[in-house]
Every structure is written in structure tokens, then in C-alpha cells.
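# Coordinate inspection notes
Residues per chain are reported as follows:
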Protein chains: 2
Amino acid sequence: MKYSKQRELIYKKLKANPIHPTAEEVYLQLKPEYPAISLATVYRNLNKLAQNNTIKKIQGLDASDRFDHNTHEHYHFICEKCHRVYDVDLELLSYINDNVSNYNVKSFDLLLKGICNNCKDL
Amino acid sequence: MKYSKQRELIYKKLKANPIHPTAEEVYLQLKPEYPAISLATVYRNLNKLAQNNTIKKIQGLDASDRFDHNTHEHYHFICEKCHRVYDVDLELLSYINDNVSNYNVKSFDLLLKGICNNCKDL
DNA sequence: TATAATAATGATAATTGTTATTAGTTTGGT
DNA sequence: ACCAAACTAATAACAATTATCATTATTATA
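Rules of the game
Residues numbered from 1 in each chain as written. Chains lettered and ligands numbered in written order. Predicted model: local features only at pLDDT ≥ 70, side-chain atom pairs only at ≥ 80, totals over all residues. Heavy atoms only, no water. Buried < 20%, exposed > 50% of the residue type's maximum accessible area, 1.4 Å probe, protein only. Helix = DSSP H or I, 4+ residues; strand = E, 2+ residues; numbered from the N terminus. Arc of directions from axis to C-beta. Contact = heavy atoms within 4.5 Å. Least-squares fit on C-alpha atoms with pLDDT ≥ 70 in both. Near = heavy atom within 4 Å. Polar contact = N/O pair within 3.5 Å; in protein donor to acceptor, adjacent residues only side chain to side chain. Nonpolar A, V, L, I, M, F, W, Y, C, P; charged D, E, K, R; others polar.

### Remarks on helix 1 (residues 5–15) of chain B
All names here are of chain B. The set of residues buried in helix 1 consists of Arg7, Leu9, Ile10 and Leu14. One side of helix 1 holds all its buried residues, which, seen down the axis, span an arc of 160 degrees. Against the buried residues of helix 1 lie helix 2 (23–30), helix 3 (39–51) and strand 2 (66–68).

### Examining the relation of the copies chain A and chain B
The relation between the two copies of this chain is a rotation about an axis and a shift parallel to it. Overlay of chain A on chain B (RMSD 0.2 Å): rotation 179 degrees, translation along the axis 0.0 Å. Considering both components of the superposition, the chain copies are consistent with a two-fold axis. Considering only C-alpha atoms, the part of chain A nearest the rotation axis is A:Gly60, at 1.9 Å.

### Thoughts on the protein's contact with DNA strand C
For DNA strand C, the set of nearby residues contains 23 residues, the closest of which are A:Lys2, A:Gln6, A:Thr41, B:Tyr43 and B:Asp65. Restricting attention to atoms of DNA strand C within 4 Å of the protein, one finds that 70% of them are sugar or phosphate atoms. Between DNA strand C and A:Gln6, the relevant distance is 2.8 Å, taken from a sugar or linking oxygen to a side-chain nitrogen or oxygen of the residue. A:Arg44 places a polar side-chain atom, nitrogen or oxygen, 3.1 Å from a base nitrogen of DNA strand C. Looking at the surface near DNA strand C, the elements with two or more residues in it are helix 1 (5–15) and helix 3 (39–51) of chain A together with helix 3 of chain B. With 5 residues, helix 3 of chain A is the largest single contributor of residues to the surface near DNA strand C. A class-by-class count of the residues in the surface near DNA strand C yields 9 nonpolar, 7 polar and 7 charged.

Now the structure itself:
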């Protein structure tokens, strides 16, 4: 994989970002400091980094794919009101390995939904 | 919810179908015996039945939403080659309840990916 | 250092999956 | 039978993503 300034900026932006942004959110945040950047480039590079396991792609939480620089084992909770995404620390890998034997599981994800504490009293 | 012939047919088709079809697959299977049916009607009714908990909507496995008439606890494994979807029996509910305390989890899903036995030698 | 090969880019068109709209039809309670 | 509500088919609209393409940047090699 060749170096590109754009990819470096995209990755840095993601690392600085705890909100598990969508490609478009990364794009919009990058635009002010690098106005020439293209949305397609952001999509391309986030997906490429995810293939590399440099970052993680979160699919199925809501309509858009989201990205996470944190590749350690953890899962995500999305608030159905405010759509904020939170990290959930949970050990599932061994549980899945021990209990799913009849399939050759290469990857899996756990997606949690509900109402977050910020929203519960609104 | 008022009765409609179309919804009955859609539900019957899903019940007869172990492959966790997408809305479009249900539509295509229904078309020959009910040519007037519309794709939008299939979407509408599958979503409505899922809201009722009559069926279950599986999101995040691949690009399309899939539907499952089986509402008992189980999860899904998708083959990354043939895109077939398999049932995975697993008890996770109590594990999640016991281990995720800081979020008010209303629903969750576990999505598994890999290569199925049919495809592993191809 | 010049050059060639390759992989990246920005801009935008195209595609895909899904939902909304609309005008008209079916249903069930009175 | 009448009426309002819920339904329908068809299709337009929409949002998210990917593909295309001409150009530019990066890397390897002569």
C-alpha cells in the first residue's frame, strides 16, 4: 500500500475521534483543514484500513457504516434516541469459540441497542 | 392491523423459507403466484411484521436486511463466499444481562461471518 | 536523477437498498 | 350499504456507497 497524505489525515482524524464516526462525518471534519479532500477518498481509505485491520468497521448499528480506531475487543451500544454510539467492554471471543463449533467463524460482532442515560429522562 | 391477502402470502412465504430471505427475494418468490404484488408492499409488510415481533429482522449481516420467521433465540452465520445464512443456536441473553450493566439494553444481535462447509473446499 | 510502473486522487455518475408519495381499492364496524 | 381507516401498486425520491475516469503522487529501478 502506497503512502498518501489523505490516508494519514483520515486515520489521524479517526484516532482523535471517540464517536465512531461515519465516513461522511470524517469527511466533514477533514474538509476545513484539507478542502480538496473527496468523500470517495474517505470511503476508499476507511475501507482499506479496515481490510488491514488497522481500524474496525462497524456495520448494522444504523443506516451508515461507522469506523473505530480501537481494535481491541469491545462492542457497541447505540442509543435509539440520540444515535450516539458507546463502547461496551465485554469478553465474548472465548464464549463464542467454546459454544459455536459447527461453523468456521472468521469474525463476528455484537450490536446492542437501547436508550442511553443521557436520553432516558427526556 | 387490518387483514390483507398480500401480508398473509408474504408471511406464509417467509415461514416456508429457511434461507432468511431479503425483501427482494420474498418479492421474487411471490411474483409468479401473485403477479400484482409490489416490492414496496413486501418491504412494508415485512417491516410491519417485524415491529409486531411476528417475525425477526436481521440487519448488518450483509448489505440487505433479511427476515426470519423463527423468533426464538438464535443467531446467524453468513458465509462470505455464497452468502447463505445459517442458524446458530446459542444462549446469550443471560450472558449479556449479567455482563452489561451500565447500559439499558433493549435489544441486541450477534452476527457471525466465515466460510461455510459447502464452500470451504472450493 | 530521470523514468517507468503502480497506486493514489478528485469529481462525479451510477448503483443499490429502502422509504415516501399518490391515487385508488379493500376491509370491518356501524 | 356506508364510511373511515388501513390497505394496495407503481413509481419517485432518497441516502449511502461504489464505480469510472482522467489526472497526479509515490515508489522502484535503471
